[in-house]
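# Summary of the model geometry
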Amino acid sequence: MTTSTDLQSLLRRIEKATTRLEELATKRAESAPAGGSSMSSVDLSASTAGADSKVLLEYEAAVQPQIANFVSYSDKIGGVVAEQARLVEALYHAQRSFLRIATLTKKPTMDQLPGLLGPQQSAIQQIITLRDANRPSEYFDNLSTIAEGIAAFGWVAVEPTPVPYINDMKDSAQFYANRVLKKWREKDENQVEWVKAFLSTLRELSAYVKLFHTTGLVWNPKGEDVEVAARAISGETAAAPVRGTGAPPPPPPPPPPVYTGETDSSAGATTRGALFADLNKGGEITSGLRKVEKEQMTHKNPALRAAGLVKEAPHSASTATTQQQTPVKQRPPRMELQGSKWVVENYGTEHLTIE
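An unreviewed UniProt entry annotates the protein chain as Adenylyl cyclase-associated protein originating from Coemansia spiralis. Recorded under Sequence similarities (unreviewed entry), the UniProt text for the protein chain is reproduced unchanged: "Belongs to the CAP family." Recorded in UniProt for the protein chain, the comment headed Function (unreviewed entry) runs: "The N-terminal domain binds to adenylyl cyclase, thereby enabling adenylyl cyclase to be activated by upstream regulatory signals, such as Ras. The C-terminal domain is required for normal cellular morphology and growth control."

In structure tokens, the structure reads:
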């Protein structure tokens, strides 16, 4: 598990990465020829990217006051609630730095993205782990409210519908938030304000994403290659070579394993595959069943009921051959008139005539 110290170290690395990228963006802007096409207010070219970009400034204006308010009420509650709130605050700073990188770099590949998301993933995991480690706490519902809703900050990796994803996470948090309100409404007004502060944070985050990142996180198509940021965040803080002036950067770290809900057992996968294959047969699934003879039916064979068992039929593919080698005891033929009905039993294939 990543500790808080490790998280702070990751945040420092991502700050160094953004600083390096802003320096490169500034040099590129200074070396660009004068004139050029005009830009809109939300254009993400090098001259408007970085800490002063409209996208980043709007994120700070929308989310930072809500986070500060939430941390303030959490500190009044104290204990593990305040501890968890500090992790939420660290997550905000990690995402802010990540958005700075997005305004300065081109869109990364799927292999490069996990390395950039590392600090945010670490903060989210610590928030959830803190909840799980304090189940006996009287503030478990508070911790669960945050743990269920904090995944909303994972919107940066969601395409093409990040806004509904944020709203779904807010709804998940609402269940535990209602329990907090039910428990503390008449006892502690600060708890009520605490709930409002966190849910308001998620609402403002949703409104911001809807305005600037409707179909997914916006990157800078004119920015630097993302390897520069990936190297800095991964701990290689030495100056990365500018494109065309040095050796290519090393490959990014591999993406984390994706949990699919299935085990790695090949036997289990084979069993499930065979099961679904049989289900897809429909009515033909019964075609391989064996016919049960009368001698093996307990309701027609008193001897078997008395013995309390039924002889198991052979499982070999040569069932027909085995039956021929083991003759069945033949009962004497019987033909008699019982009332108005004839009873004919135990005859072979010969032709019979009843008059």
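Having seen the model, we can carry on.
In terms of regular secondary structure, the protein chain is built from eleven helices and two strands. The N-to-C order of helical and strand elements in the protein chain reads α-α-α-α-α-α-α-α-α-α-α-β-β. Per-residue burial for the protein chain yields a buried fraction of 37% across its 355 residues. Of all intrachain contacts in the protein chain linking residues separated by at least 6 positions in sequence, the fraction that spans at least 24 positions is 72%. Accessible area for the protein chain stands at about 21300 Å²; split by element, carbon and sulfur atoms hold 54% of it.

Moving on: the pattern of salt bridges. For the structure on display, the rule yields twelve salt bridges. One salt bridge in this structure joins lysine 107 and glutamate 159, with 3.0 Å as the shortest N-O distance. Here glutamate 159 lies in the loop between α5 (140–149) and α6 (162–184) and lysine 107 lies in the loop between α3 (79–104) and α4 (113–132), a separation of 52 residues in the sequence. A relative accessible area of 52% places lysine 107 in the exposed class. Owing to a relative accessible area of 47%, glutamate 159 belongs among the partly exposed residues under this scheme. Through salt bridges with shared partners, one network takes in Arg131, Asp132, Arg135 and Glu148.

Going through the model one piece at a time under the given rule, you end up with nine aromatic pairs. Each ring, one from phenylalanine 175 and one from tyrosine 176, has its centre 5.0 Å from the other, and the planes form 90 degrees; the classification is edge-to-face. Aromatic pair tyrosine 208 and phenylalanine 212: ring centres 5.3 Å apart, planes at 35 degrees, arrangement tilted. Pair noted here: tyrosine 208 and phenylalanine 212 are both in helix α7 (residues 189–212), with a separation of four residues, about one helical turn. Its relative accessible area of 4% is what places tyrosine 208 among the buried residues. Residue phenylalanine 212 is classed as buried on the basis of its relative accessible area, which comes to 14%. One aromatic cluster in this structure is built from Tyr59, Tyr92, Trp155, Tyr208 and Phe212. Of note, lysine 187 hangs over the ring of tryptophan 184, and the distance from its end group to the ring centre comes to 5.9 Å.

A word on the packing of α6 against α7. Closest axis-to-axis distance for the α6/α7 pair is 10 Å, and the angle between their directions is 175 degrees. For the element pair α6 / α7, the angle class is roughly antiparallel. On the side of α6, the interface is formed by Pro162, Val163, Ile166, Asn167, Lys170, Ala173, Gln174, Ala177, Val180, Leu181 and Trp184, while α7 contributes Gln191, Val192, Val195, Phe198, Leu199, Leu202, Arg203, Leu205, Ser206, Val209 and Lys210. Tallied by class, the residues present in the contact of α6 with α7 amount to 15 nonpolar, four polar and three charged.

Attention now moves to the side chain of glutamine 66. One can find glutamine 66 in helix α2 (residues 54–77). Judged by relative accessible area, glutamine 66 falls into the buried class, the value being 18%. Among all residues touching glutamine 66, those that are not within four sequence positions of it are Ala197, Ser200, Thr201 and Glu204.

The terminal C-alpha atoms of α7 lie 35 Å apart, and with 24 residues this matches the ideal 34 Å at 1.5 Å per residue to within 8%. Its side-chain oxygen placed 2.9 Å from the backbone nitrogen of asparagine 190, aspartate 188 serves as the N-cap of α7.

The next thing to look at is α6. Along its 23 residues, α6 runs 33 Å from first to last C-alpha, staying within 8% of the 33 Å computed at 1.5 Å per residue. The largest bend in α6 amounts to roughly 30 degrees and is located at phenylalanine 175. Residues Pro162, Val163, Ile166, Met169, Lys170, Ala173, Tyr176, Ala177, Val180, Leu181 and Trp184 constitute the buried set of α6. Summarising the contacts, the buried residues of α6 are in contact with α5 and α7.

Sheet analysis places strand β1 (residues 334–338) next to strand β2 (residues 341–345), joined by five bridges and oriented antiparallel. Across the sheet, residue methionine 335 finds its bridge partner in β2, namely valine 344. Counting the residues between successive antiparallel strands, the hairpin from β1 to β2 contains two residues, one of them, glycine 339, with a positive phi of roughly 70 degrees.

Where the model shows low pLDDT, its predicted coordinates should not be examined in detail. Across the protein chain, the average pLDDT comes to 75, with 58% of residues at 70 or higher. Note on residues 34–47: pLDDT under 50 across the span, and 18 contacts to partners over four residues away in sequence or across chains. A low-confidence stretch, residues 236–270 stays under pLDDT 50, and its non-local contacts, those more than four residues away or across chains, total 29 contacts.

Turning to the nonpolar core, a few remarks are in order. Formed by 55 residues in total, the largest nonpolar core has its most connected members in Phe70, Phe98, Leu99, Ile150, Trp155 and Tyr208. Secondary-structure elements contributing two or more residues to this core are α2, α3, α4, α6 and α7. Residue contacts for tryptophan 155: discarding those within four places in its chain leaves Gln95, Leu99, Pro162, Tyr165, Ile166, Leu205, Tyr208, Val209, His213 and Leu217.

Definitions and cut-offs
Residues numbered from 1 in each chain as written. Predicted model: local features only at pLDDT ≥ 70, side-chain atom pairs only at ≥ 80, totals over all residues. Heavy atoms only, no water. UniProt positions renumbered as here; feature names shortened; annotations may be inferred. Helix = DSSP H or I, 4+ residues; strand = E, 2+ residues; numbered from the N terminus. Buried < 20%, exposed > 50% of the residue type's maximum accessible area, 1.4 Å probe, protein only. Contact = heavy atoms within 4.5 Å. Areas by Shrake-Rupley, 256 points an atom, 1.4 Å probe, with all protein chains shown as cover. Salt bridge = Lys/Arg side-chain N within 4 Å of Asp/Glu carboxyl O. Phe/Tyr/Trp six-rings, centres within 6.5 Å; stacked < 30°, edge-to-face > 60°. Lys NZ or Arg CZ within 6 Å of the ring centre and 35° of its normal. Axes fitted to C-alpha atoms, helices over the stretch in contact; angles between N-to-C directions. Parallel < 35°, antiparallel > 145°, perpendicular 65-115°, else oblique. Nonpolar A, V, L, I, M, F, W, Y, C, P; charged D, E, K, R; others polar. Expected span 1.5 Å × (residues − 1). Polar contact = N/O pair within 3.5 Å; in protein donor to acceptor, adjacent residues only side chain to side chain. Bend = angle between axes of the 7 residues up to and from the residue. Pairing = 2+ DSSP bridges. pLDDT = per-residue confidence, 0-100. Core = buried A, V, L, I, M, F, W, Y, C linked by side-chain atoms within 4.5 Å.

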